[in-house]
Every structure is written in structure tokens, then in C-alpha cells.
Amino acid sequence: MQIVGAGDKTYILLSGIEVPTDISLSENVKLIPANTSHLDFNTAVSICSRPDDIAVVAAFIPRITAQFEIVASTPKELAAHAWNSSWDALLLSAIFHTEVSFNLQSDTEASSISSQTNLRATNLHFQGLTQASPKKLSDEEVSWINTHFSDARALLDKEKFQTAVHCLASYRWHSMPRIKMAVLWAGIEGMFGASTEIRFRLSLCIARFLHPDNADTRKQKFELVKKLYNSRSSAVHGAKVKGDIKQSVEASAELLKELIHQSIIDRAMPNEEDLVP
């Protein structure tokens, strides 16, 4: 990402998620609604500072539905917080199983963008360019963020959690289902670290981690994970995948989402030794 720090406030424009109200994610970052419907194409293009920005602005400005409002006391600190907000976008993508893009930076909030605004692309990779409707957060989901997002941020200090979040947030960037499976299972397996009897131990760890108090649900999860692991192995090793691989991709993504949610709620990563002594 290419981030500019100027003054004491900046905005990262987002698509893929829609919020009903302002949500404080940290002392420096707030997730707030955004609307660029007032902005015509010619004005948007005319305020691009670099030629390469034009394509990104043209693609994403009509899709902007939220924004990060980022504040800091110095331009250097502002740039650092804006840079780190990419992890907030990835966390939101993973937590709500959506695709939050963060490709544009503005020195004014979305509804005030005009010919006087400094608007620029933060990257040129076009991740998050989709026709899918944005994820609209409910009041309950806003409450969940208010309760748990700081714990999710704290877990980012752990490389295994970072990997899991990035895998779930980014698997859609690949077009081939086999690659999507490989990415998702890199996140799933990386949360545990089983090195022997992998399918059995991993299935048991996941079932016990997600459903410690419900034997029937735990057994069902155990069987599901074994089945998905078989699909994962076939996909990664080039063998024929039994059943619908797209369904296996979505089930694997849902599984990784559950694991991330439970880690956030527990404020800790799963411990394999505790789960399978």
C-alpha cells in the first residue's frame, strides 16, 4: 500500500461493507458510513494526482459504502495508523466473511469529496472489485464489533492468527477452487500445528475447540472436518475431488470463520496440547 500522511486526519474509502452508524475500532480509527453518490465521473478523475489512480478511482468510487476515519497528532503517526488500518479491513473481511476493499485514500470524508480533494489509490491490485452487494451490518453485528474488535486486534500480534485472518480475507482473490482450498487450509491448519496423524488430530482439535460442551455437535464437526480435509488433500495434490469442490470451498471458509470467531471470543488461539493431550 502507498499511504500519505498529511495533517491530522485522513480517510480510507471502503467497499464491501455497510455500517448503520459510527463504530470506534481503536483510539485512532473509526469505521463510519460513506456516500459518494454526489461525485460525478469527470470530477473524480480530474482530482487524481497520478495517471494510475484513474483506473482505481473509476472502478471503486461508485462502490464506496464505508470509510475509516483516521486521526493522529502528526503526519508520520497518521501515515502509520492509515497503513495499519489495512489489517482492520482484513479483520472485518474475515469476521463477516465478506470482501472489504481498501484501495482509496482521501483527505476529506466521502460525502465531501470535491475538485479540491486529494484523492489517490493506495494500491493498484484491484482486490475487492466485485459485483456482490456490500455486507450490511446489523445492530447485533455492530454490538459484536464494539464488544470484541479490540480483542481481535490484540490477537494480530500472533502470527498464526494473522495468517488465518489473511487467508479468509484473501482466498477470493484466486479464481481456481483448488487454490482457494489451499489458501483456506493454510489458515485452518496453521492455527493448530498438528504434524502427525494430521487428519484425525486436526479434526479432533477443531471439534473440541468449537464445541467443548456438546458431544453430538462435536461428533458432527469431527466428521465434517475429516471430509473437508480429504477434499483439501485431493485439491492440493491434484487428485480428483469428490463432490462439488465449490461447496467444499465455502464449507472450508465457514469453518475458518468459526475458528477465528472462537479465538476472538476466547481471546486466545487454540492450544493443541490442551485439546489432544
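See the structure printed just above.
Since the model is a prediction, treat every value here as computed from it, not as a measurement. (Residues numbered from 1 in each chain as written. Predicted model: local features only at pLDDT ≥ 70, side-chain atom pairs only at ≥ 80, totals over all residues. Heavy atoms only, no water.)

1. Some words on the layout of surface pockets
In this approach a probe as big as a water molecule rolls over the atoms, and the regions it shows empty are the leftover space. Approximately 200 Å³ is the volume found for the second largest pocket. Of the residues assigned to the lining of the second largest pocket, the class counts are two nonpolar, seven polar and three charged. (1 Å grid on protein atoms, 1.4 Å probe; cavity = no way out; pocket = protein on both sides within 12 Å on 5 of 7 lines; lining within 4 Å. Points joined across faces, edges and corners; volume = space filled by probe spheres on them. Nonpolar A, V, L, I, M, F, W, Y, C, P; charged D, E, K, R; others polar.)

2. Some thoughts on the pattern of salt bridges
Summed over all chains, the structure comprises eight salt bridges. Among the ionic pairs, E141 bridges to K135, the shortest N-O distance being 2.8 Å. The closest approach of N and O atoms between R267 and D151, which form a salt bridge, is 3.2 Å. Pair noted here: R267 is in the loop between helix 9 (245–266) and helix 10 (272–275) and D151 is in helix 4 (residues 139–155), with a separation of 116 residues, a long-range link. (Salt bridge = Lys/Arg side-chain N within 4 Å of Asp/Glu carboxyl O. Helix = DSSP H or I, 4+ residues; strand = E, 2+ residues; numbered from the N terminus.)

3. So, the pairing of strand 4 (residues 29–33)
Examined bridge by bridge, strand 3 (residues 23–24) and strand 4 share two bridges and lie antiparallel to one another. Paired with I23 across the bridge in strand 4 is L31. Between strand 3 and strand 4, which pair antiparallel in sequence order, lie four residues. Of the pairings in the sheet, the one linking strand 4 to strand 5 (residues 66–71) comprises five bridges and is antiparallel in character. Among the inter-strand pairings, I32 is bridged to a residue of strand 5, identified as Q67. (Pairing = 2+ DSSP bridges.)

4. Quick look at the packing of helix 3 (residues 75–95) against helix 4
Interaxial distance between helix 3 and helix 4 falls to 11 Å at its minimum, and their mutual angle equals 120°. One finds that helix 3 runs oblique with respect to helix 4. Along this stretch, helix 3 crosses helix 4, giving a crossing that reads as right-handed. Taking contact as the criterion, the partners of D88, L91, L92 and I95 in helix 3 are, on helix 4, W144, I145, F149, A152 and R153. For the contact of helix 3 with helix 4, a count of residues per class yields seven nonpolar, no polar and two charged. (Axes fitted to C-alpha atoms, helices over the stretch in contact; angles between N-to-C directions. Parallel < 35°, antiparallel > 145°, perpendicular 65-115°, else oblique. Left-handed = near helix turned anticlockwise from the far one by under 90°. Contact = heavy atoms within 4.5 Å.)

5. With respect to unusual backbone geometry
In this structure, H97 takes a positive phi of about 45° despite not being glycine. The topology assignment puts H97 in the loop between helix 3 and strand 6 (101–106). Positioned with a positive phi, R267 is a non-glycine residue whose angle comes to about 60°.

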